[in-house]
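# A look at the structure
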Amino acid sequence: MGDLSKRLNIPYTNDEIGRLARTFDAMIDKIDDSFKRQRQFTNDASHELRTPIAVIQSQAESALNFSHSEDEYRSALATILSEARHMGKLVSDLLFLARSDSRAEKLHMEELNFGELVEGIVAVLKPIAQDNGIDLKVIENGDFIVRGDQTHLTQLLYNIIDNAIKYTLPGGEIKISIEKKGEFVKTSVRDTGIGIPEEHLPHIFERFYRVDKARSRENGGTGLGLSICQWIVSAHGGKIEVFSEVGKGSTFVIWLPSL
Ligand code: ADP
């Protein structure tokens, strides 16, 4: 129970005052929870930002204070650049979530050919998958029209396919299929990657939740991608699901209302 409601100290009798006290306490509990979540988020965000700052600082100090070969200077600069890029990504993901929390993130809805949108994103990501020895292809598609925000839906698909590439080993495959199911357009992104242990599945859409933090970081991940995806899907009146088996692969299924 929240601190404020404790201070009120009114028994939950069955009269109007008792019922009001119960309602009031429930509201205070909700506000309390929301503050707790916000504090946790700020804590986690500060912690995540501290790591790249510490690396940048130590590399720059070492470069300034000791003499190095040209190769060593180059390597320090490359590390600084990569950490700065990671921070940039982290800050833009954090800003997105802050805007969505404060309802400042607006959707610009229009009629979109969803099948074409997916093909466009696959064309951009295919060479990256190929560089990683992964075969990425659309195996089932059609002219599916949805009402959506093109920038947000692009970000959603990009995040999910990019994750599939990041968590699949060379020689693996990513297959995308889009079909109409009742009132929805169903998109499945199936990879033959490392998979997600069952106990982690209920948490992977939480902010900063990562199954393997070191691996995520190595891949440039912030641990915020799936929370952003979930926000985008629900803002469109859809839902996102995940099925996975360790060592076999994962399937992310996106349901969006069809037109
Ligand atoms: P990250 O930036 O770490 O990739 P996300 O929010 O996108 O963060 O994903 C959260 C976690 O879910 C990842 O760290 C990873 O452990 C797991 N994950 C997401 N997609 C996949 C996938 N296709 N295969 C295996 N694990 C995945």
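Residues numbered from 1 in each chain as written. Predicted model: local features only at pLDDT ≥ 70, side-chain atom pairs only at ≥ 80, totals over all residues. Heavy atoms only, no water.

This next bit is on the environment of Phe41. Within the fold, Phe41 resides in helix α2 (residues 16-65). The exposure class assigned to Phe41 is buried, which follows from its relative accessible area of 11%. For Phe41 and Phe208, which are 167 residues apart along the polypeptide, the C-alpha to C-alpha distance reads 8.7 Å. (Helix = DSSP H or I, 4+ residues; strand = E, 2+ residues; numbered from the N terminus. Buried < 20%, exposed > 50% of the residue type's maximum accessible area, 1.4 Å probe, protein only.)

Moving on to α2. Here α2 spans 72 Å end to end across 50 residues, near enough to the 74 Å set by a 1.5 Å rise per residue. Among the residues of α2, Gly18, Ala21, Asp25, Ile28, Phe41, Ala45, Glu48 and Pro52 are the ones counted as buried. (Expected span 1.5 Å × (residues − 1).)

Quick look at a nonpolar patch on the surface now. A contiguous nonpolar surface patch, about 260 Å² in accessible area, is contributed by Val124, Ile128 and Tyr158. Taking relative accessible area as the criterion, Tyr158 reaches 35% and is therefore assigned partly exposed. (Patch = residues over 30% accessible without salt bridge, like charges linked within 9 Å, V, L, I, M, F, W, Y side chains within 5 Å. Areas by Shrake-Rupley, 256 points an atom, 1.4 Å probe, with all protein chains shown as cover. Salt bridge = Lys/Arg side-chain N within 4 Å of Asp/Glu carboxyl O.)

This next bit is on the site of the ligand. Near the ligand there are 20 residues, and of these Asn163, Tyr167, Ser216, Thr222 and Leu226 occur at the shortest range. Mapped by element, the contributors of at least two residues to the shell around the ligand are α5 (150-166), α7 (225-235) and β7 (249-257). With three residues, the single largest contributor to the shell around the ligand is α5. Looking at the shell around the ligand, its residues break down into nine nonpolar, eight polar and three charged. (Near = heavy atom within 4 Å. Nonpolar A, V, L, I, M, F, W, Y, C, P; charged D, E, K, R; others polar.)

Before going further, it helps to spend a moment on the packing of aromatic side chains. Enumeration over the complete set of coordinates arrives at four aromatic pairs. When the centroid spacing of 6.0 Å and the interplanar angle of 35 degrees are considered together, the rings of Phe41 and Phe208 count as tilted. Residue Phe41 is found in helix α2, and its partner Phe208 is found in the loop between β5 (184-191) and α6 (213-218); the two are separated by 167 residues along the sequence. Here Phe208 falls in the buried class, since its relative accessible area comes to 10%. Considering the side-chain rings of Phe96 and Trp231, the 5.6 Å spacing of their centres and the 85 degrees angle between planes classify their relative orientation as edge-to-face. Residue Phe96 is located in helix α3 (residues 70-101), and its partner Trp231 is located in helix α7; the two are separated by 135 residues in the primary sequence. With a relative accessible area of 4%, Phe96 lands in the buried category. Given a relative accessible area of 23%, Trp231 falls into the partly exposed group. Lying across the ring of Phe41, Arg207 places its NZ or CZ 4.7 Å from the centre. (Phe/Tyr/Trp six-rings, centres within 6.5 Å; stacked < 30°, edge-to-face > 60°. Lys NZ or Arg CZ within 6 Å of the ring centre and 35° of its normal.)

Turning our eyes to something else, we now look at the pattern of salt bridges. Tallied over the full model, the rule gives eleven salt bridges. Between Lys175 and Glu173 there is a salt bridge, with its nearest N and O atoms 3.3 Å apart. We classify Lys175 as partly exposed; its relative accessible area is 31%. The exposure class assigned to Glu173 is partly exposed, which follows from its relative accessible area of 30%.

Here the focus is the sheet that holds β7. Pairing is mixed across the open sheet formed by five strands, whose spatial order is β2-β4-β5-β7-β6. This sheet does not close on itself; its edge strands, each paired only once, are β2 (135-140) and β6 (239-245). Each adjacent strand pair in this sheet contributes to an overall mean axis angle of 15 degrees, direction not counted. Note: β6 against β7, seven bridges, orientation antiparallel. Opposite Phe243, over in β7, you have Thr251 as the bridge partner. (Pairing = 2+ DSSP bridges. Axes fitted to C-alpha atoms, helices over the stretch in contact; angles between N-to-C directions.)

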